[in-house]
Protein chains: 2
Amino acid sequence: MIRERITAIKSVLKDAGIDFYIVPTSDYHNSEYVNDYFKQREFLSGFTGSNGTLVISRDEVGLWTDGRYFVQAERELTGSGIVLYRMNEEGVPTIEEYLEKNMKEQQILGFDGRVVDTCFGKNLEKCLADKKISFVYDKDLVDTVWTDRPKLPVSKLWVIPEEKNGQTVEEKLTLVRGAMKKAKAAHLFISKLDDIMWLYNVRANDVECNPVALSYTFISENEAVFFVQKDALTPEAEAYFEKYHITVKDYHEVAAFLADCSLDGSVWCDCDEVSYLMYKRLSERVEIIDRRNPTTLMKAVKNATELKNIREYYLKDSVALTKFLFWMKQNAGKVEMDEYSVAMKLDSMRAKVEGFLDLSFPTISAFKENAAMMHYSATEDNKAEIAADGLYLVDSGGQYIGATTDVTRTIALGQITDEMKKHFSKVVCGMLRLADAKFLYGCTGKSVDILAREPLWECYIDYKCGTGHGIGYILNVHEAPPNIRWRYNPGTKEDILEAGMIVSDEPGVYIEGSHGIRIENILEIVNEEKNGDGQFMGFRHLTYVPIDLDAIDTRYMEPRDVERLNAYHEEVYRRLEPYFEGEEKLLLRESTRQLEY
Amino acid sequence: MIRERITAIKSVLKDAGIDFYIVPTSDYHNSEYVNDYFKQREFLSGFTGSNGTLVISRDEVGLWTDGRYFVQAERELTGSGIVLYRMNEEGVPTIEEYLEKNMKEQQILGFDGRVVDTCFGKNLEKCLADKKISFVYDKDLVDTVWTDRPKLPVSKLWVIPEEKNGQTVEEKLTLVRGAMKKAKAAHLFISKLDDIMWLYNVRANDVECNPVALSYTFISENEAVFFVQKDALTPEAEAYFEKYHITVKDYHEVAAFLADCSLDGSVWCDCDEVSYLMYKRLSERVEIIDRRNPTTLMKAVKNATELKNIREYYLKDSVALTKFLFWMKQNAGKVEMDEYSVAMKLDSMRAKVEGFLDLSFPTISAFKENAAMMHYSATEDNKAEIAADGLYLVDSGGQYIGATTDVTRTIALGQITDEMKKHFSKVVCGMLRLADAKFLYGCTGKSVDILAREPLWECYIDYKCGTGHGIGYILNVHEAPPNIRWRYNPGTKEDILEAGMIVSDEPGVYIEGSHGIRIENILEIVNEEKNGDGQFMGFRHLTYVPIDLDAIDTRYMEPRDVERLNAYHEEVYRRLEPYFEGEEKLLLRESTRQLEY
């Protein structure tokens, strides 16, 4: 079947006169999750991993993917004739290097310019300039061979109620236009979906777990044009856009609009986000101001209304997770359960919370060694049984009409080893030390990351990921800025931690084949004392879920760490107690008991 | 007198047809300390501060200086008719803005291009391009009016003995040429004095406390030309350069050489260091590769021989300082002493250490509130008496034939307040926590800075400077990289902390009008465990001087901090003990006693 598809696409390419064709894995908006409609690469190759790029030419079809997927790709590509290129392995060329080597002078390179980001496209231009390669990037050629392709997703737009906003679209547009004026940009083109949703105070459901609508927006001094699929519009939404004088146009008209609209000055667009096609349409006509969308930072700093709602829904979410964890602790080893079934149980418990809309990402439910794999996902067909003999990790969150939540807890089911307790205790120390930090305004995530990591680094252990990411408001669970990371990347812009941002704090230990531990609280960034030395800042917990004391050994903590844990648990009890009764309340009291050093 | 000088220079400018003339405060090499020969700005204005730039035109003479010097400048400029421009105050123009506003089209701007750095020069070009201003930058016009100008400093060059090097000039040149090849640079021009000294394994004494010779070097594949004043050369030095096939030319020929030498490719030169004149001479002829000198990073990573000597001389230096501090503690309040006299005493004690060459910077000796001023300097005429009733801070160091040292201790003389003890204890915690850190290879100073600062930030106190700087080997006491700082400067390159670098660790508390505390140890960066998570790194103390326990209150420390202090003191005793006898040895024992928590 794959061979047939490859034959079909090769013939289409031949007819179109295209020598090499690139099929990446992306939607038109660089979204984190890709809808089935956009799985052209999977359709053509049979490879189902989340990251992979296909390059098709007359002589060869190559698939590039990263280390997480080498084994899976090898298996899935068997018999397809597709060559696997293991990214970042020694001697393996990048796609750019491959094309530079294999393309002949004046050949033609094709790709759908809507699913290729501007940076990659410009990079290709640079690498292939010497060979005088032409680019054909305005056609989706896979579409012609993919006869049973799923439909482009379209869901109904809904408007966030005023009392949940804190800021009307009018106020936001005024701020955006102020930023445009400052940047000397006559126009602003945004393709980043969560930025657009934030700006217009609307949401939808076109991308898995991300409450966004496929859309674009083009803003000038006197007009704001919102491109969205016709079927997404409800009468309420239409009335809403009319009320705020926002012109609504069809989603599919955007490229033509950019090619034809009247432009009276340069266009601001974020080349890290905008697709190559849109970039070309604009840059052919007018000067581009390439910088981050002004909406990105505005969206990151939550307003008072948002923060009030976030605090409220994080508490409700904490209650649901705590009850689930109590159930796990009490029933593991007694009733039959597996990673998938308990995830379903948690999801349904969360779904009962007032204001629940959706999950904010697919629940990660992992037992023992599975928790050591950062991208593990249990499914109905691929799951481990859970007994009372190891560490269980659950990373989950919800979309509520007032917050997007994210929280991870790891709990001991039955006896665990001393090493596990050591790792668990160190992770807890790191999470609490960062949460307890005081820092001067001007710090970026890089300045504070080490506070979470040092208890592990002291043991010569690292977690190979960032310590924290920002989180949207009824939006994407991964939202940048802020970021809490330590690694220095020359030339990369860092973001100052601002009061009103919310950020995850999730150190971990991942021991291959043995166990995985992650404790994740979400923190609000707040101003503290201001004096002659500057504005001091700190964090406040948003997450209030007990940390499993059965997995703690205070010998691996300093007295101050134990104090911090006790203070946190005291607060957990105080806040959760109204939601608990009877035996569960006793359990809450017991789970948040004060430890002695 | 100042008025006469101004009149004289104005007449010279008129004759030369120059409308505006800039007189900065710098030598030809952007050195930290400026020799009397280069004090043109002081000569013309009477202002003696270390930072200031004069702009002279027919209508006005303006002096720009920073906040440290506003009061002093106002006083020193009285009656001179010179207008004071307070840098960074609201509404005060920068020099560029001032010139942009006041210069008329096609006027002529003059300055000595040897004392203006390339960045400033290029900036002026940019700001004044619209007005078609011409630049005259190859004349030192102050020289014509400064009849009793001191001579250009010249001291004898001496060669570092082979056994103190660890790397011959031949080996270093091979490394440098390798870097040039990689950067595709046919030539390398260096004007940074410590880089040149390091490369040729020579030293001199042309800049206060910096054991360097005024010099330049120009390196090609087959030739290395060293420009130095004729009088600096001894027969030994001449023989040495001949032995290594290094062409020696006169210092004053360099500009002519750059204008005439044969160039067969681009020239690498560090525009942050090279003067505007040299830059122009080169950039008029050939393409410039503007990046940091390859020698800068090579010099920062000390080799095994250097490290061995550094460890040895830091110990000797620690012994001298410890004995001085014991004397201070025993005699304060009993014998007459002042900040200046005790600094002289310390300097003379250090001078008796085997291998002593010079101080590495003028000793900072400050009592009580004077220690709160970061740039305080006691002199014979301006000094405070020392009694047994406050905190005394001493920051000092030596040049030895095997190390450049730097160390700060603050000690309690008599009773001090509880607040002082709190501040002192927190500073000690910060210094020791950073020294005890484990971190992954790839961290820059910014990732670890917070470890030293957090104990103070928790109390909403900051010190307004970096935590640490690199240090040369028988070279400049301030040498970058490395740097340990927290503040994020977009676009600024950071340096990874490398094994073999040495760095200061000097948190502090500065309370205006009351007291100043700084504890500074020098640390060596070392590799520790390497595993699947990466190469872990750590620090080792080079400084072994007791930390005054009379100023410690363990209530302000965590148990782990007390443990760290005890461990450090145990090591101080073990290492210093062989150098102490009798009552002093008892004192050493007492000063390094183990504290209980």
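Since the structure is predicted, the reported quantities are computational estimates derived from the model, not experimental observations.

Asker: Let's hear about the overall build of chain A: which residues, and what values?
Answerer: From N to C terminus, chain A includes 18 helices and 28 strands. In terms of C-alpha radius of gyration, chain A reaches 25 Å, essentially the compact-globule figure of 25 Å for 597 residues. Its C-alpha atoms put chain A at 75 × 55 × 50 Å along the principal axes. Across the 597 residues that make up chain A, the buried fraction comes to 60%. In the form shown here, chain A has an accessible surface area of approximately 24,400 Å², with 48% of it arising from carbon and sulfur atoms.

Asker: Describe the interface of chain A and chain B, listing the residues and the values that go with them.
Answerer: With 36 residues of chain A at the interface, the matching set in chain B holds 37 residues. For the pair chain A and chain B, the two sides together bury roughly 3,300 Å², of which 55% comes from carbon and sulfur. The largest per-residue losses of area from chain A upon contact with chain B belong to Lys438, Tyr460 and Tyr488 of chain A, which jointly make up 22% of the total buried on that side. In this structure, the connection of chain A to chain B is made through eight salt bridges. Taking the shortest distance from any N to any O, the salt bridge between Glu558 of chain B and Arg560 of chain A comes out at 2.7 Å. Taken together, the connections running from chain A to chain B amount to 18 residue pairs in polar contact (both at pLDDT 80 or more). The leading source of residues in the side of chain A that touches chain B is helix α16 (residues 445-457) of chain A, at seven residues.

Asker: How would you sum up the relation of the copies chain A and chain B? Please name residues and give values.
Answerer: Both copies of the chain are related by one operation, a rotation about an axis with a shift along it. Superposition record for chain A on chain B: RMSD 0.1 Å, screw rotation 180°, translation along axis 0.1 Å. Here the copies are linked by what is in effect a two-fold axis. When each C-alpha of chain A is compared by its distance to the rotation axis, Ser447 of chain A comes out closest, at 2.6 Å. A shared binding surface is used by both copies, with 100% of the interface residues of chain A retained as interface residues in chain B.

Asker: Now, about the pairing of strand β28 (residues 534-541) of chain B: what can you tell me, with residues and values included?
Answerer: Residues and elements named next belong to chain B. The buried fraction of β28 is high, at six of eight residues. In the sheet, strand β21 (residues 439-440) pairs with β28 via two bridges, with the strands oriented antiparallel. When the bridges of β28 are listed, Phe439 appears paired with Met537. Judged from the seven bridges that link them, strand β27 (residues 521-531) and β28 form a sheet pairing that is antiparallel.

Asker: Before we move on, could you go through the environment of Lys230 of chain A and cite the residues and values that matter?
Answerer: Residue position: Lys230 of chain A is located in the loop between β11 (224-228) and α9 (235-243). For the pair Lys230 of chain A and His252 of chain A, spaced 22 residues apart in sequence, the C-alpha separation works out to 9.5 Å.

Asker: Please give an account of the sheet that holds strand β1 (residues 20-23) of chain A that cites residues and values.
Answerer: Residues and elements named next belong to chain A. The strand order across the open sheet formed by six strands is β4-β3-β2-β1-β5-β6, and the pairing between neighbours is mixed. Two strands in the sheet have a free side with no partner beyond their single neighbour: β4 (83-86) and β6 (134-136). Each strand of the sheet is rotated relative to its neighbour by a mean of 20°, with strand direction disregarded. The sheet contact formed by β1 and strand β2 (residues 53-57) spans four bridges and is antiparallel. When the sheet's bridge partners are listed, Ile22 is paired in β2 with Val55. Running over the sheet, helix α3 (residues 70-77) touches β3 (61-65) and β4 and is turned about 175° from β4.

Asker: Would you mind going over the nonpolar core in detail, with residue names and values included?
Answerer: In terms of nonpolar packing, the biggest core is built from 114 residues, with Val428, Phe439 and Leu565 of chain A together with Val428, Phe439 and Leu565 of chain B touching the most fellow members. Setting aside chain neighbours within four positions, we find Phe439 of chain A in contact with Val448, Leu497, Ile525, Gln535, Phe536, Met537, Gly538 and Phe539 of chain A together with Trp457 of chain B.

Asker: So, the pattern of salt bridges: which residues are in play, and what are the values?
Answerer: Under the definition given, this model contains 92 salt bridges over all chains. Linking Glu571 of chain A and Arg575 of chain A is a salt bridge whose minimum nitrogen-to-oxygen distance equals 2.9 Å. Note that Glu571 of chain A and Arg575 of chain A are positioned in helix α17 (residues 559-576) at a spacing of four residues, about one turn of the helix. Given the relative accessible area of 22%, Glu571 of chain A is considered partly exposed. Arg575 of chain A sits in the partly exposed class, given a relative accessible area of 32%. Put simply, Arg555 of chain B and Asp553 of chain B hold a salt bridge, and the shortest N to O gap is 3.0 Å. Assessed through its relative accessible area of 14%, Asp553 of chain B is described here as buried.

Asker: Residue-level account of the environment of Leu282 of chain B, with values.
Answerer: Residues and elements named next belong to chain B. For Leu282, the position within the fold is in helix α11 (residues 276-283). With relative accessibility at 0%, the residue Leu282 sits in the buried group. As for Leu282 and Ser266, which are separated by 16 residues in sequence, their C-alpha atoms are 9.4 Å apart.

Asker: Run through the sheet that holds strand β15 (residues 356-359) of chain B, naming residues and quoting values.
Answerer: Residues and elements named next belong to chain B. Strand order in the open sheet formed by three strands is β15-β18-β19, and the pairing between neighbours is antiparallel. Two strands lie at the open edges of the sheet, namely β15 and β19 (403-404), each paired on one side alone. Most of the contacts of helix α14 (residues 339-351) go to β15, to which it runs at about 155°, and overall it touches β15 and β18 (398-400).

Asker: An account of the pairing of β1 of chain A is requested, with residue identities and associated values reported.
Answerer: Residues and elements named next belong to chain A. Alternating positions in β1 separate into two faces, Phe20 and Ile22 on one and Tyr21 and Val23 on the other, with burial throughout. The pairing of β1 with strand β5 (residues 108-111) spans three bridges and is parallel. Residue pairing in the sheet places Tyr21 in a bridge with Gly110 of β5.

Asker: Provide a residue-level description of a negative patch on the surface, including the pertinent values.
Answerer: Together, Glu97, Glu100, Glu105 and Asp130 of chain A line one region of the surface with negative charge. Its location among the elements puts Glu105 of chain A in the loop between α4 (95-102) and β5.

Asker: Give a description of the packing of helix α15 (residues 418-435) of chain A against α16 of chain A that names residues and reports values.
Answerer: All names here are of chain A. Where α15 contacts α16, the axes come no closer than 7 Å and their chain directions differ by 160°. If you check the angle between α15 and α16, you find them roughly antiparallel. Considering the relative orientation of α15 and α16, their crossing is right-handed. Touching Lys426, Val427, Cys429, Gly430, Arg433 and Leu434 of α15 are Val448, Leu451, Ala452, Pro455 and Leu456, all from α16.

Asker: Quick one: what's the story with the packing of aromatic side chains, residue by residue and with numbers?
Answerer: Residue and element names in this part refer to chain B. Evaluation of the coordinates by the stated rule reveals 59 aromatic pairs over all chains. Ring centres of Phe326 and Phe580 lie 5.9 Å apart, and the angle between their planes is 65°; this geometry places the pair in the edge-to-face category. Of this pair, Phe326 sits in helix α13 (residues 304-331) while Phe580 sits in the loop between α17 (559-576) and α18 (582-591), and the two are 254 residues apart along the sequence. Take Phe326 and Phe580: they sit in the same class, and that class is buried. Plain terms: the ring middles of Phe356 and Tyr400 are 5.8 Å apart, the flat faces sit at 75° to each other, and that makes the pair edge-to-face. Placement of the pair is Phe356 in strand β15 and Tyr400 in strand β18, with a sequence separation of 44 residues.

Asker: An account of unusual backbone geometry is needed here, citing residue identities and associated values.
Answerer: Omega for the peptide link from Ala480 of chain B to Pro481 of chain B comes to -10°, which places this bond in the cis form. Tracing the backbone shows Pro481 of chain B in strand β23 (residues 479-484). Here Pro481 of chain B and Pro482 of chain B are connected by a cis peptide whose omega angle stands at -5°. When you line up the elements, Pro482 of chain B lands in strand β23. Not every positive phi belongs to a glycine, and Lys184 of chain A is a case in point at roughly 55°. Among the secondary structure elements, Lys184 of chain A is positioned in the loop between α7 (169-182) and β8 (187-190).

Asker: So what about the packing of helix α7 (residues 169-182) of chain B against helix α8 (residues 193-200) of chain B? Which residues, and what values?
Answerer: Residues and elements named next belong to chain B. It is the contact of α7 with α8, at a shortest axis distance of 7 Å, that shows an interaxial angle of 120°. With respect to each other, α7 and α8 are oriented oblique. Of the residues in α8, those in contact with Val169, Lys172, Leu173 and Val176 of α7 are Trp198, Leu199 and Tyr200. By residue class, the composition of the contact of α7 with α8 is six nonpolar, no polar and one charged.

Asker: So what's going on with the state of the cysteines? Which residues, and what values?
Answerer: If you walk through the whole model with that rule in mind, you get zero disulfides over all chains. The closest cysteine sulfur to the non-disulfide-bonded Cys269 of chain A is located on Cys271 of chain A, 4.5 Å from its own sulfur.

What counts and what doesn't
- Residues numbered from 1 in each chain as written.
- Chains lettered and ligands numbered in written order.
- Predicted model: local features only at pLDDT ≥ 70, side-chain atom pairs only at ≥ 80, totals over all residues.
- Heavy atoms only, no water.
- Helix = DSSP H or I, 4+ residues; strand = E, 2+ residues; numbered from the N terminus.
- Rg over C-alpha atoms; globule rule 2.2 N^0.38 Å.
- Buried < 20%, exposed > 50% of the residue type's maximum accessible area, 1.4 Å probe, protein only.
- Areas by Shrake-Rupley, 256 points an atom, 1.4 Å probe, with all protein chains shown as cover.
- Contact = heavy atoms within 4.5 Å.
- Buried area = accessible area lost by both parts, 1.4 Å probe.
- Salt bridge = Lys/Arg side-chain N within 4 Å of Asp/Glu carboxyl O.
- Polar contact = N/O pair within 3.5 Å; in protein donor to acceptor, adjacent residues only side chain to side chain.
- Least-squares fit on C-alpha atoms with pLDDT ≥ 70 in both.
- Pairing = 2+ DSSP bridges.
- Axes fitted to C-alpha atoms, helices over the stretch in contact; angles between N-to-C directions.
- Core = buried A, V, L, I, M, F, W, Y, C linked by side-chain atoms within 4.5 Å.
- Patch = residues over 30% accessible without salt bridge, like charges linked within 9 Å, V, L, I, M, F, W, Y side chains within 5 Å.
- Lys, Arg positive; Asp, Glu negative; His and termini not counted.
- Charge placed at Lys NZ, Arg CZ, Asp CG, Glu CD.
- Parallel < 35°, antiparallel > 145°, perpendicular 65-115°, else oblique.
- Left-handed = near helix turned anticlockwise from the far one by under 90°.
- Phe/Tyr/Trp six-rings, centres within 6.5 Å; stacked < 30°, edge-to-face > 60°.
- Nonpolar A, V, L, I, M, F, W, Y, C, P; charged D, E, K, R; others polar.
- Disulfide = S-S within 2.5 Å.

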